[in-house]
Structures are given as structure tokens and as C-alpha cells.
Amino acid sequence: MSRVRVAVLVSGRGSNLASLIQAAKAPDYPAEIVLVLSNNPDAGGLDLARAAGIAAVAIDHRPFKKDRPAHEAEIQAALDASGVELIALAGYMRVLTGGFTAAWEGRMINIHPSLLPLFPGLHTHARAIEAGHERAGCTVHWVVEGVDEGPVIGQAEVPVLLGDTPELLAGRVLEAEHRLYPECLAKAAMIVRGA
Ligand code: GRF
């Protein structure tokens, strides 16, 4: 069966992208990363992609000002040109319009650094520590219009340790993200293929 053609959308350093690139090297991995897209021309993820021989495209959101649909239309054109079948958001920091999420419903996934539905949005680690939780973690979910909502594909838990700072906890969660995301992208690809 042919591998599902995936675009990874990033805004920053791209450590999750790196874990997906690594996983996709396995001959039996059901997805192939054919495109990395960023709204940030300086995103480290673009360099990672190029180093791995993957097409990397920056579509800067700033010239579009508040016109999100126009920015997304350019993204859509790039996705179409690469024959993308599934989108993986990996630290993509732009909120997507309802039109875009509807167009990709069931074909777009995201990773979030909390155990959703706990702590959607930003500063998840500080909020988990502040709340006195003993467990934290990460979630991969299908993307719907509501930010950090949508059916869960998988979660991974880590302990919150005595004396944790948001940075220490973030590092522990990030390691879990790097294990979880490749597994969940594989699951999502099988679902998209109808396997
Ligand atoms: C990760 O913590 C991810 O969960 C969140 O943004 C961060 C991206 O990190 N959505 P990286 O760019 O993959 O290193």
C-alpha cells in the first residue's frame, strides 16, 4: 500500500518534526513527509527539513496582516501542489480558520503539551504545576475548529516531580512527545488510508 503523503506545519525549532522524520525512515512506516511548511521564514524546522532532503516552504503570515483566509489559500495551494493527504501540526502557532479546519477535518492532527482536555492553550506546564497535579503529559488529536479540541488519538503521561519548574517539566513532556507523535501519525495515516 502506498504511504500517506504528509505535510508537517511548524513555526519554530521543529524537534517534533525531527522525531517524525526519523520515524518515517522505517520502510514499513505508513506515512511519508513530502512537505514542511512554516509561517515563520526563520523556523529551525525548515532547516531540519532541508537537511533531510524534504521540500521546505515558508509562507510568511505577516504580509497578509489580518487576512487569515488569504494566507491559508497560499498554504492550501502549496499542499495541493505536493499532493498532501494528511497534515501534522507540530508547534504551528497560527490559529486556523473554521474554513481551513473544515476542509481538512479527519485529515489534520496536532500535538499539544498537556493531557487534554486539561490545559488547552499556552503555558500548559506552569498551569499543571500551579494546579498541583501529579501527572502531566501530551496529547495528539484530530484538529477541529475549536483550538486544542477534537477527538484524541493518543496521550502519554509523565510524572510532575517535587521542585519541578515549567522548563524541567517541559523537557520531560517533550521527550514523551517525541515518542507519542510518530505512533499517532502512523495511526492517523492508517485511518486516512482506510486500513
Ligand atoms: C511542542 O511542545 C508541541 O507540543 C507544541 O509546541 C511545541 C513545539 O516544539 N504544540 P517543537 O518545535 O516540535 O520542538
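Since the model is a prediction, treat every value here as computed from it, not as a measurement. (Residues numbered from 1 in each chain as written. Predicted model: local features only at pLDDT ≥ 70, side-chain atom pairs only at ≥ 80, totals over all residues. Heavy atoms only, no water.)

Peer 1: How should the overall build of the chain be read in this particular structure?
Peer 2: Helices and strands together make up the secondary structure of the chain, namely 6 helices and 7 strands. From first element to last, N terminus to C terminus, the chain shows the α and β order β-α-β-α-β-α-β-α-β-α-β-β-α. Whereas a compact globule of 195 residues would reach a radius of gyration of roughly 16 Å, the chain reaches 16 Å, a difference of no more than 12%. Along the three orthogonal principal directions, the C-alpha set of the chain runs to about 50 × 40 × 30 Å. Considering only contacts in the chain between residues 6 or more positions apart, those separated by 24 or more positions represent 63%. As presented, the chain carries roughly 9400 Å² of accessible surface, and 56% of it is formed by carbon and sulfur atoms. Within the chain, one finds 17 positive and 22 negative side-chain charges whose respective centroids are separated by 3 Å. (Helix = DSSP H or I, 4+ residues; strand = E, 2+ residues; numbered from the N terminus. Rg over C-alpha atoms; globule rule 2.2 N^0.38 Å. Contact = heavy atoms within 4.5 Å. Areas by Shrake-Rupley, 256 points an atom, 1.4 Å probe, with all protein chains shown as cover. Lys, Arg positive; Asp, Glu negative; His and termini not counted. Charge placed at Lys NZ, Arg CZ, Asp CG, Glu CD.)

Peer 1: Explain the environment of I153 here, please?
Peer 2: Within the secondary structure, I153 sits in strand β7 (residues 152-159). We classify I153 as buried; its relative accessible area is 13%. Along the primary structure I153 and R62 are separated by 91 residues, whereas in three dimensions their C-alpha atoms are 32 Å apart. Discounting chain neighbours no more than four positions away, the residues touching I153 are I109, V140, H141, W142, C184, K187 and A188. (Buried < 20%, exposed > 50% of the residue type's maximum accessible area, 1.4 Å probe, protein only.)

Peer 1: Would you explain the side chain of S114 in this entry?
Peer 2: Note that S114 resides in the loop between β5 (108-112) and α5 (124-130). In this structure the side chain of S114 is engaged in a polar contact, spanning 2.6 Å, whose partner is the backbone oxygen of L118. Setting aside anything within four residues of it in sequence, one finds S114 in contact with F119, T124, G137, C138 and T139. (Polar contact = N/O pair within 3.5 Å; in protein donor to acceptor, adjacent residues only side chain to side chain.)

Peer 1: What's the story with the nonpolar core in this structure? I'm lost.
Peer 2: V8, V36, I109 and L185 are the most contacted members of the largest nonpolar core, which totals 42 residues. Not counting residues within four places of it along the chain, the set of residues in contact with V36 comprises V8, V10, L17, G45, L46, A49, I54, A55, A56 and V57. Counting 18 residues, the second largest nonpolar core, distinct from the first, contains L35, A78, I87 and Y92. (Core = buried A, V, L, I, M, F, W, Y, C linked by side-chain atoms within 4.5 Å.)

Peer 1: Can you help me understand the site of the ligand in this one?
Peer 2: In the vicinity of the ligand, the contacting residues are R13, G14, S15, N16, G91, I111, H112, P113 and E177. G14 is positioned with one of its backbone polar atoms (N or O) 2.9 Å from an oxygen atom of the ligand. At 2.8 Å, a backbone N or O of N16 approaches an oxygen atom of the ligand. Expressed as a share of its isolated accessible area of 370 Å², the protein-covered part of the ligand is 85%. Residue composition of the shell around the ligand, by class: 2 nonpolar, 5 polar and 2 charged. (Near = heavy atom within 4 Å. Nonpolar A, V, L, I, M, F, W, Y, C, P; charged D, E, K, R; others polar.)

Peer 1: Please clarify how unusual backbone geometry should be interpreted in this entry.
Peer 2: With the exception of glycine, the majority of residues adopt a negative phi angle, and the majority of peptide bonds are in the trans configuration. Residue L116 is joined to P117 through a cis peptide bond whose omega torsion reads 15°. Its location among the elements puts P117 in the loop between β5 and α5. Unlike most non-glycine residues, K65 shows phi in positive territory, near 50°. Turning to its location among the elements, K65 is positioned in the loop between β3 (55-58) and α3 (68-81). Positive phi, normally seen in glycine, also occurs at F119, with a value near 55°.

Peer 1: Teacher, can you tell me more about the side chain of S11 here?
Peer 2: Relative to the helices and strands, S11 resides in the loop between β1 (4-10) and α1 (15-23). Separated by 2.8 Å, the side chain of S11 and the backbone nitrogen of M93 make a polar contact.

Peer 1: Help me out: how do you make sense of the packing of aromatic side chains in this one?
Peer 2: Summed over all chains, the structure comprises 1 aromatic pair. The ring of W104 carries R107 above its face, with NZ or CZ at 4.2 Å from the centroid. (Phe/Tyr/Trp six-rings, centres within 6.5 Å; stacked < 30°, edge-to-face > 60°. Lys NZ or Arg CZ within 6 Å of the ring centre and 35° of its normal.)

Peer 1: For this particular structure, what's the right way to read the environment of G45?
Peer 2: Here G45 shows up in helix α2 (residues 44-51). Contact partners of G45, with chain neighbours within four places excluded, come to V10, G12, R13, G14, L17 and V36.

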